[in-house]
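Next come the chains, spelled out residue by residue.
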Amino acid sequence: MPMIRLDKFISERTEFSRSQIKQLTAKGAVSVNGNTVKKSDLKIDPDTDSVSVQGRLLSGDKHKYILLNKPQGYVSSTESTEGPSVLELIPPEIRTKGMFPAGRLDKDSIGALLITDDGELAHRMLSPKSHIPKIYIVKLARPYESKYVDIFKKGIKLADGETCLPAEVKSSEYCDKLAFVQLYEGKYHQVKRMFAAVGNHVEILMRFSLGSLVLPEKLALGECMELLHKDVENLFVQPVFERICADFPEVFSANLINI
Ligand code: URA
């Protein structure tokens, strides 16, 4: 790996500007391999050198990947025009310049949302050809009906005539108004429109997984966590729908019922 400047390395991983980094370095707040350094134009090897700023070790990876359990009321956009942006939920110490939500959840939807500054990965994930399966759980206004299985499997026609790709749906043992759905595409308000097309109504929608990347039980609404490289790769691993539904935490079902 070619050597790069220390200030470039830090600015790609934090919200500090080059001039702030210069000041922090001069003040002794930056260390490389445990030794305090005073010059921000020092050359480092991003693969082997470990860099800390104000005592916090920065990841050697160029990009950051954050999994957010999105609460209601936040918009999946970098701007806060139609409500607060989901980026406001990311603590400043893990937020970097150029972060954006890779994908969308409606303002009133909750659950798994990936936030990153890696445009290449987002493109790989969101390209219409990628068909990354996404599993949602919905709270319905009326009880789940077993007829949904065949209707969704055939590719349901929405009210405006648009046809969806085949999708899986499954009841929840927790409550007859909860149901799981697995989709391979992301049309506008798709889950809500699919249930509307079978005469039901989605009251709450939660996304539980993206590929095989599942929202951990410990991540409460509004909380986020940094992902490791191996977690990010799970995005491209085919999930087993039945298994993911079976592992859906009871605490999430209880929250959905009580929202
Ligand atoms: N489908 C919807 O209807 N809303 C979402 O937020 C995601 C999928």
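Residues numbered from 1 in each chain as written. Predicted model: local features only at pLDDT ≥ 70, side-chain atom pairs only at ≥ 80, totals over all residues. Heavy atoms only, no water.

With that settled, the discussion passes to the overall build of the protein chain. Check the secondary structure of the protein chain and you find eight helices and 15 strands. Reported as C-alpha extents along the three principal axes, the dimensions of the protein chain are approximately 70 × 35 × 35 Å. When the 259 residues of the protein chain are sorted by exposure, 47% land in the buried category. Intrachain contacts of the protein chain at a sequence separation of at least 6 include 68% that bridge at least 24 residues. Accessible surface for the protein chain amounts to roughly 13000 Å². Of this, 51% is attributable to carbon and sulfur atoms. (Helix = DSSP H or I, 4+ residues; strand = E, 2+ residues; numbered from the N terminus. Buried < 20%, exposed > 50% of the residue type's maximum accessible area, 1.4 Å probe, protein only. Contact = heavy atoms within 4.5 Å. Areas by Shrake-Rupley, 256 points an atom, 1.4 Å probe, with all protein chains shown as cover.)

Formally, a disulfide is one covalent bond, and it connects the sulfur atom of one cysteine to the sulfur atom of another. According to the stated counting rule, one finds zero disulfides in the structure shown. Left without a disulfide partner, cysteine 164 is nearest to the cysteine sulfur of cysteine 245, which lies 18 Å away. (Disulfide = S-S within 2.5 Å.)

Once the domains are mapped, the protein chain shows domain 1 (4-57) and domain 2 (65-258). Contact between domain 1 and domain 2 buries roughly 510 Å² in total, counting both sides, with carbon and sulfur atoms accounting for 36%. Across the contact surface, domain 1 and domain 2 share two residue pairs in polar contact (both at pLDDT 80 or more). Tallied by class, residues from the side of domain 1 that touches domain 2 come to one nonpolar, two polar and four charged. (Domains from an automatic or database assignment. Buried area = accessible area lost by both parts, 1.4 Å probe. Polar contact = N/O pair within 3.5 Å; in protein donor to acceptor, adjacent residues only side chain to side chain. Nonpolar A, V, L, I, M, F, W, Y, C, P; charged D, E, K, R; others polar.)

Time to look at helix α3 (residues 119-126). Along α3, the residues classified as buried are Leu121, Ala122 and Met125. Burial along α3 is one-sided: seen end-on, the buried residues are contained in an arc of 100 degrees. Residues of α3 that are exposed and point over 90 degrees away from its buried face: Glu120 and His123. Where α3 begins, the side chain of aspartate 118 points an oxygen toward the backbone nitrogen of glutamate 120, at a separation of 3.2 Å. (Arc of directions from axis to C-beta.)

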